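Here is how the chains run, residue by residue.
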Amino acid sequence: MVRAGNGEISRQAHDPLKIAAAYIRVSTDDQIEYSPDSQKKAIVDYAQKHGYIVPETFIYMDEGISGRNTKRPEFQRMIGAAKQKPRLFEAILVWKFSRFARNREDSIIYKSMLRKQCGIDVISISEQLGEDKTSILIEALLEAMDEYYSINLAEEVVRGMSEKARRGGVLGSAAFGYHIENGVLAPDPDEAPIVKKIFEDCAAGKSTRKIAMQLNEFGIRTRYGNRWDNRNVEYLLRNRTYTGKMHWTPGGTKRQAHADKITENTIISANSHVPIIPEQLFRTVQERMSQNKRKYAGNAHQEHGMMYMLKGLVKCSACGYTLTMSRRNDGVQCHQYARGKCTESHFIRITKLNRLVLDQIREDMGTGNFITALDGDSEISEDRYGFLKKQLGRVKQKLDRVKASYQAGIDTLEEYRENKIRVQSEMGMLLEQIRDCTPKVQEQAKEPHKVIKSNLAILEAEGIPEALKNDVLCTFVKKIEFDRKKTQVTICYKI
């Protein structure tokens, strides 16, 4: 195989076909000619003409993600596949180098790693490069131009959004309670009364957690279809948009506190749309929440400094979230219940929970049936499980878009069938990976007895620091599920 002066790859007739991967990326600022389907078609055509095969499993696609950083799920999955031995593919085909990265530093690091360590070339099918030394300068110039374009575009976008904010225009999606009508926020007839009721309940003394639980009981969901929690409610109650004011901070702010959302350079446009909440009610609610913050300030974040044997290990059987220390420091409660998102209280005194766990460990030793999460299988564990679930949600949305394209007459029946099979295949792979994250039951385990027996005495001894007990327990326990209704615990072991 040789690279011709025009950037194309020429092969002898007897050369075998080689495997290549395709990387496709589309960000929100791209034009229609850079759509995922357009990029894929161009890459497949190029591969067929230049002696490459691009299997469907080696087509990686990130949609709506900027190329200025490498925190892209499919990009990282592709890099992981490229590092495998033996080599899975010999080249990565992209529409333009800007699809691979728009940050010169990232581009140089990853291209160098792929070419030198993995023997995999990154080929732009629309930017002609040869193998002479001049091509190095051309490729560097293309990368610099891509980065300049990205930075300049970002500055122009901020400038345009700032001007739109000064005129009271809508930036981004509408807040819960509003919809966009002719470019202006207008009260939503279904959601606006809910917003008003939330403010009135808070002003009357109802806590954000109770408001969240009430919304969930009535089947009301957030703008994104999720259950409410106390943070969602507080964010809504702090939002000045409901008083008819539009606010936007150029460049955004990394500070997450609600009080810091308005900074010295924030643009505020009054009377930009119809208010849902009177200004006086909004002020009353802000004062009420500030009073509550001051009232409970002494109890804030005590969990972080309070150490106990089971810290970070016990999970709620209803929602799967961690049980954390209560304000009284005498028991633990489901973190999501405290936020109003879980409907079942799992409060239990810590002394009682300690005894339940120790008794269950002894019982597991007696029966020999240990629910285990083997290190080799669950290195991925909860973080990996959460990531896969999010990916599955995106794939389901992709399947909906495929169906919508067919119904709108954009795709033919044959194209719809092919796209549906492709997406369903991707969904099947994800479901299989999710199943692999599930803990496994190890029958008649013998080795755990030695480890547990040597540490059980430390866990039951008095005078041993709780931090040490927690460290010891974490050496052989992955997680503990507490079921309050049955008053029992289920332990998942690491060994």
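This structure is a prediction, so every number in the text was calculated from the model and none was measured. Going along each chain's sequence as written, the residues are numbered from 1 onward. Restriction of local features to residues with pLDDT of at least 70 applies here, the model being predicted, together with a cutoff of 80 or more for giving and counting side-chain atom pairs; totals for whole chains, interfaces and linings are based on all residues. Values shown for side chains rest on all heavy atoms present in the structure; no hydrogens or waters enter the calculation.

**Topic: the pairing of strand 19 (residues 488–493)**
1) Next: One bridge is not enough; two strands pair if DSSP finds at least two bridges between them. Helix and strand assignments follow DSSP, with helices taken as H or I runs no shorter than four residues and strands as E runs no shorter than two, numbered in order from the N terminus. Bridge count for strand 18 (residues 477–483) against strand 19 is six bridges, and the pairing is antiparallel. Counted as the bridge partner of Ile-480 is Ile-491 from strand 19.
2) Next: Linking strand 18 to strand 19, which pair antiparallel, is a turn of four residues; within it Thr-487 sits at a positive phi near 50°.

**A word on helix 12 (residues 350–367)**
1) Next: Helix span is expected to be 1.5 Å times the residue number reduced by one. Across its 18 residues, helix 12 extends 26 Å between first and last C-alpha, which sits within 8% of the 26 Å expected from 1.5 Å per residue.
2) Next: Each residue is assigned to one of three classes by its accessible area relative to the maximum for its type, calculated with a 1.4 Å probe on protein chains only: buried under 20%, partly exposed between the two thresholds, exposed over 50%. All buried positions along helix 12 are accounted for by Ile-350, Leu-353, Asn-354, Val-357, Leu-358, Gln-360, Ile-361, Asp-364 and Met-365. Buried residues of helix 12, seen end-on, are gathered within an arc of 160° and therefore sit on one face of the element. Seen from the open side of helix 12, the exposed residues pointing more than 90 degrees away from its buried face are Thr-351 and Gly-366.
3) Next: Backbone geometry just downstream of helix 12 places Gly-368 in the positive-phi region, at approximately 80°. Throughout, the arc means the angular range of directions from the helix axis out to the C-beta atoms.

**What about the pattern of salt bridges?**
1) Next: Whenever a carboxyl oxygen of Asp or Glu lies within 4 Å of a side-chain nitrogen of Lys or Arg, that contact is scored as a salt bridge. Evaluated as defined, the whole model comprises 17 salt bridges.
2) Next: Here Arg-422 and Glu-56 are joined by a salt bridge, their closest N and O atoms 3.8 Å apart. In this pair, Arg-422 sits in helix 14 (residues 413–436) while Glu-56 sits in the loop between strand 4 (52–53) and strand 5 (59–63), placing the two residues 366 residues apart along the sequence.
3) Next: Its relative accessible area of 41% is what places Glu-56 among the partly exposed residues.
4) Next: Its salt-bridge partner being Arg-115, residue Asp-121 comes within 2.8 Å of it at the nearest N-O pair.
5) Next: Under the relative-accessibility criterion, Asp-121 is labelled partly exposed at 23%.
6) Next: Judged by relative accessible area, Arg-115 falls into the partly exposed class, the value being 31%.
7) Next: Each of Arg-355, Asp-359, Arg-362 and Glu-460 takes part in salt bridges that share partners, so that together they form one network.

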